[in-house]
Amino acid sequence: GARTFTAMMIVSYTMGIVGGAMASLLVTYSLNMPFVGATIIALICTVLVWTRLPENYGSEKVKLSTILGDSLSFYKESRGLQLLTAGETFRYVAQLIYLFLYQPYLVSTGLGAELLGVYFSVLMITSATGSLIAPPLAGRIGTHRVMAASSFGLCAGFVLLAMSPG
């Protein structure tokens, strides 16, 4: 439930903080070094998933076509899930634009390349803080309001970036 999701997000953001710090350190050697580090991490992840993750949650006799059919039927009947999918898709597109452009943008505004990992770590700290605050807040004011506020915050951040000198 919500506690598991929160715990997973905390781990994810903690790893993001560590990753940002590692990238800052590695980039001092070469601009390619963070990618070498990311390659090693991706290989470790691949090995762990390949060797440790059970398929179909232990139900190996379920046909993929059955799972896909049931999932698609549920999706077709759930207007809320369709709207959530659309909203999340737009949010991910906005985040991808940001992820591809924030580093060149920050460097062009005068931030040293060696501080990009620090910037990313701060971003992960604020994201982790939001993940800690969101579940209790959702319990008090409702999940949809917290999600809307989060999306508004994302929008406000993008507006500030768009209005800044660059």
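Residues numbered from 1 in each chain as written. Predicted model: local features only at pLDDT ≥ 70, side-chain atom pairs only at ≥ 80, totals over all residues. Heavy atoms only, no water.

Draft legend 1. Structural detail: the overall build of the protein chain. Of the regular secondary structure elements, the protein chain holds 6 helices and 0 strands. Counting across all 166 residues of the protein chain, residues that qualify as buried make up 13%. Once local pairs closer than 6 in sequence are excluded, the contacts in the protein chain between residues at least 24 apart make up 63%. Accessible surface, the protein chain: about 12700 Å² in total, of which carbon and sulfur atoms supply 72%. (Helix = DSSP H or I, 4+ residues; strand = E, 2+ residues; numbered from the N terminus. Buried < 20%, exposed > 50% of the residue type's maximum accessible area, 1.4 Å probe, protein only. Contact = heavy atoms within 4.5 Å. Areas by Shrake-Rupley, 256 points an atom, 1.4 Å probe, with all protein chains shown as cover.)

Draft legend 2. A look at the packing of helix H5 (residues 116-141) against helix H6 (residues 143-163). Where H5 contacts H6, the axes come no closer than 7 Å and their chain directions differ by 125°. As far as their axial angle goes, H6 and H5 are oblique. For the pair H5 and H6, the contacting residues are Ala-134, Leu-137, Ala-138 and Ile-141 in the first and Thr-143, Arg-145 and Val-146 in the second. Split into classes, the residues belonging to the contact of H5 with H6 amount to 5 nonpolar, 1 polar and 1 charged. (Axes fitted to C-alpha atoms, helices over the stretch in contact; angles between N-to-C directions. Parallel < 35°, antiparallel > 145°, perpendicular 65-115°, else oblique. Nonpolar A, V, L, I, M, F, W, Y, C, P; charged D, E, K, R; others polar.)

Draft legend 3. Spatial organisation of the confidence of the model for the protein chain. A residue-level look at the protein chain finds 86% of positions with pLDDT of 70 or above and a mean pLDDT of 78. At the low end of the mean pLDDT range in the protein chain sits helix H1 (residues 2-27), at 73; at the high end sits H5, at 85. (pLDDT = per-residue confidence, 0-100.)

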